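Results of the structural survey
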Amino acid sequence: MDNKHKPVRSRIMAGLLGLGIAGLVSLAPASPASAQSAENQGAMPMPEFTIYHLEGRRSERLVWLMEELGLPYTLAFERGDLMASMAAIRAINPSMPVAPTVTYGDQVLVESGAIIEMILARHGEGELVPPLTSPDFATHLLWMHYSEGSLAARAIADYRVWQIQPPTQRSPLVDSEQVVQFAENFLSEKPWFGGDEFSAADIMMLFPLNFAFQLNIVDASLFPQLSAWMEKVQARPAYQRMLAKARPDGMVGSLPALPAHAPSGPRNR
Ligand SMILES: N[C@@H](CCC(=O)N[C@@H](CS)C(=O)NCC(=O)O)C(=O)O
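This section reports on the structure supplied with the text. Note that this is a predicted model, so its numbers are computed, not measured.

Rules used throughout
Residues numbered from 1 in each chain as written. Predicted model: local features only at pLDDT ≥ 70, side-chain atom pairs only at ≥ 80, totals over all residues. Heavy atoms only, no water. Buried < 20%, exposed > 50% of the residue type's maximum accessible area, 1.4 Å probe, protein only. Helix = DSSP H or I, 4+ residues; strand = E, 2+ residues; numbered from the N terminus. Pairing = 2+ DSSP bridges. Right-handed = clockwise from strand over helix to strand, strands pointing away. Phe/Tyr/Trp six-rings, centres within 6.5 Å; stacked < 30°, edge-to-face > 60°. Lys NZ or Arg CZ within 6 Å of the ring centre and 35° of its normal. Salt bridge = Lys/Arg side-chain N within 4 Å of Asp/Glu carboxyl O.

Both faces of strand β3 (residues 73-76) are covered, namely the face carrying Y73 and L75 and the face carrying T74 and A76. Sheet topology places strand β2 (residues 49-52) next to β3; three bridges connect them, and they run parallel. Its bridge partner being in β3, Y52 is matched across the sheet by A76. At this point the chain moves from β2, through helix α2 (residues 59-69), to the parallel β3, and the crossover so formed is right-handed.

Okay, the packing of aromatic side chains next. For the structure shown, the criterion picks out 14 aromatic pairs. Look at F49 and Y104: their rings are 6.3 Å apart centre to centre, the planes differ by 80 degrees, and that puts the pair in the edge-to-face class. Within this pair, whereas F49 is found in strand β2, its partner Y104 is found in strand β4 (residues 101-104), the two being separated by 55 residues in sequence. For Y104, a relative accessible area of 5% translates into the label buried. A centroid spacing of 4.8 Å and a plane angle of 75 degrees characterise the contact between W64 and Y239, whose relative ring orientation is edge-to-face. Residue W64 is found in helix α2, and its partner Y239 is found in helix α9 (residues 237-246); the two are separated by 175 residues along the sequence. Across this residue pair, the class does not change: W64 and Y239 are buried. An aromatic cluster is built from W143, Y146, F182, F186, F193 and W229, whose rings are joined through pairwise contacts. Sitting over the ring of W192, R236 keeps its end group 5.9 Å from the ring centre.

Quick look at the pattern of salt bridges now. Scanning the entire structure with this criterion turns up twelve salt bridges. In this structure, E148 engages R58 in a salt bridge whose closest nitrogen and oxygen atoms are separated by 2.8 Å. Here E148 is found in helix α5 (residues 135-164), whereas its partner R58 is found in the loop between β2 and α2, with 90 residues between them in sequence. Note that R170 is salt-bridged to E177, the shortest N-O span being 3.3 Å. Classification of E177 by relative accessible area gives buried; the value is 14%. Several salt bridges converge on common partners, so that one network encompasses R170, D175, E177 and R267.

Right, here's the structure in full:
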């Protein structure tokens, strides 16, 4: 542990003790498919990596990633208590308290997609990313970024607005249904958002699609490819290990589903 690192860790520990955080657990994945590979030539050594987590939220992406890669991490959350888990996040990241917040060595980081890309570049040994020369590499990156930049952004905006004012018609702008339809179209050509193989893009895409389906932001029955893909990714052993560790009591603090989304179909332009 270097000198810069020590105060950060002690501040984290003090914050956690003060909050009575029970869920700080070091986790060595059950099936370390590539645990050894991180130590192999070419990969950087993995520094201490703590994921500050809220059950059922985007921090699950990182737990799932680490389980897929077989890399070690520590998971910090207060089981069944989102407020306490959020207080722990605020304690280490007061200016941007969001889940995930992680500590990676002596750095405090946010943005699940950027953290995933960093972990893959430094410790992934080529896993969960299509080969650089494959056309799948371009679409993998597209979905890595689309998941937050286009999909989550539209779904959350529509959710917030429609909660206040139920919609009577579709927006002339790109809306939730259109961003979800674009993803549906891709899966009618390819089995994964990674293209021919599962990739980190599949990890990124699940959260906003679950959000859109479960909160009735779009009509899930219109998207059979996505529904089949969701079943497939959620059956993965690494996803199931993530659920057991990061959501042991099921969903906590679900948001209410919308009574109505915008009517499907053609739009006035
Ligand atoms: N684009 C960020 C979004 C992070 C984010 O907004 N996380 C939610 C939980 S899923 C959160 O912490 N929200 C707290 C708030 O908005 O106050 C990422 O992908 O990490």
